[in-house]
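# Fold and geometry: a report
Next come the chains, spelled out residue by residue.
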Amino acid sequence: QVQLVESGGGLVQPGGSLRLSCAASGSIFSIALMGWYRQAPGKQRELVARIGSGGSTNYADSVKGRFTISRDNAKNTVFLQMNSLKPEDTAVYYCNLFSVTASIDTWGQGTQVTVSS
């Protein structure tokens, strides 16, 4: 059973930065597709960024140039560096681990990010 634990959320002023972390248990992290998603109040959950096992990345247009996703396979951890934060980035951010090989699609509990002055 894979478990994901997110950390690093909080309250930040517009223009500020935060770094989210997601630590995974288990032994399949290195072969899994890792993603960060977010859900704002009254809105559907949306993809923020994903990173493949080989390091390839893709981002939502709204965060390109501001957010960076990375992974440390030795530590079973994926990161989301968020810079130049805007009020519209306010949401609960969720980590996702997906592996077709292992038939796993697992979500973390979420971490709140609030961008406000």
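Presented here is a report on the structure given in the accompanying data block. (Residues numbered from 1 in each chain as written. Predicted model: local features only at pLDDT ≥ 70, side-chain atom pairs only at ≥ 80, totals over all residues. Heavy atoms only, no water.)

## Thoughts on the layout of surface pockets
To find the voids left in a structure, one rolls a probe of water-molecule size over its atoms. Our working definition: With a 1 Å grid laid over protein atoms only, a set of points is called a cavity when a 1.4 Å probe fits there but cannot get out and a pocket when it is open yet has protein on both sides within 12 Å along at least five of seven lines; lining residues have an atom within 4 Å of a point. Grid points are joined across faces, edges and corners, and a volume is the space filled by probe spheres set on the points. Residue polarity follows a fixed list, in which Ala, Val, Leu, Ile, Met, Phe, Trp, Tyr, Cys and Pro are nonpolar, Asp, Glu, Lys and Arg are charged, and the others, Gly among them, are polar.
Looking at the largest pocket, its volume works out to about 160 Å³. What lines the largest pocket is a set of 13 residues, among which Arg38, Ala40, Lys43, Glu46 and Glu88 lie closest to the centre. Its residues assigned to classes, the lining of the largest pocket comprises two nonpolar, four polar and seven charged.

## Quick word on the state of the cysteines
Formally: Only a pair of cysteine sulfur atoms within 2.5 Å counts as a disulfide in this structure description. Every helix listed is a DSSP run of H or I at least four residues long, and every strand listed is a run of E at least two residues long, numbered separately from the N terminus. Partly exposed describes any residue whose relative accessible area lies between the buried limit of under 20% and the exposed limit of over 50%, with all areas from a 1.4 Å probe on protein chains only and scaled to the type maximum.
Per the stated rule, a full pass over the model turns up one disulfide. Cys22 shares a disulfide with Cys95; S-S distance 2.1 Å. Handedness here is read from the sign of the S-S torsion; for Cys22 and Cys95, about -85°, the answer is left-handed. Separated by 73 residues along the polypeptide, Cys22 in strand 3 (residues 18–24) and Cys95 in strand 9 (residues 91–99) bring together distant segments of the chain. Of the two residues, Cys22 and Cys95, neither departs from the other in class, the shared state being buried.

## A word on the packing of aromatic side chains
Rules: Working definition: rings of Phe, Tyr and Trp (its six-membered ring) pair if their centres are within 6.5 Å, and the pair is stacked with planes under 30 degrees apart, edge-to-face with planes over 60 apart, and tilted otherwise. Sitting over a ring, as applied to charges here, requires NZ of Lys or CZ of Arg to be within 6 Å of the ring centre and within 35 degrees of the ring normal.
A complete count under the given rule lists one aromatic pair for this structure. When the centroid spacing of 4.9 Å and the interplanar angle of 65° are considered together, the rings of Tyr37 and Trp107 count as edge-to-face. Residue Tyr37 is found in strand 4 (residues 33–39), and its partner Trp107 is found in strand 10 (residues 104–107); the two are separated by 70 residues along the sequence. Assessed through its relative accessible area of 16%, Tyr37 is described here as buried. Over the face of the ring belonging to Tyr94 we find Arg45, whose NZ or CZ atom lies 3.8 Å from the ring centre.

## Topic: the nonpolar core
Nonpolar side chains tend toward joint burial in soluble globular proteins. What counts is decided by this rule: Buried Ala, Val, Leu, Ile, Met, Phe, Trp, Tyr and Cys residues form a nonpolar core when they are joined through side-chain atoms within 4.5 Å.
Ranked by internal contacts, the top residues of the largest apolar core, which has 31 residues, are Met34, Trp36, Val78, Leu80, Met82, Tyr93 and Leu97. Elements with a minimum of two residues in this core: strand 3, strand 4, strand 5 (46–51), strand 7 (67–72), strand 8 (77–82), strand 9 and strand 11 (111–115).

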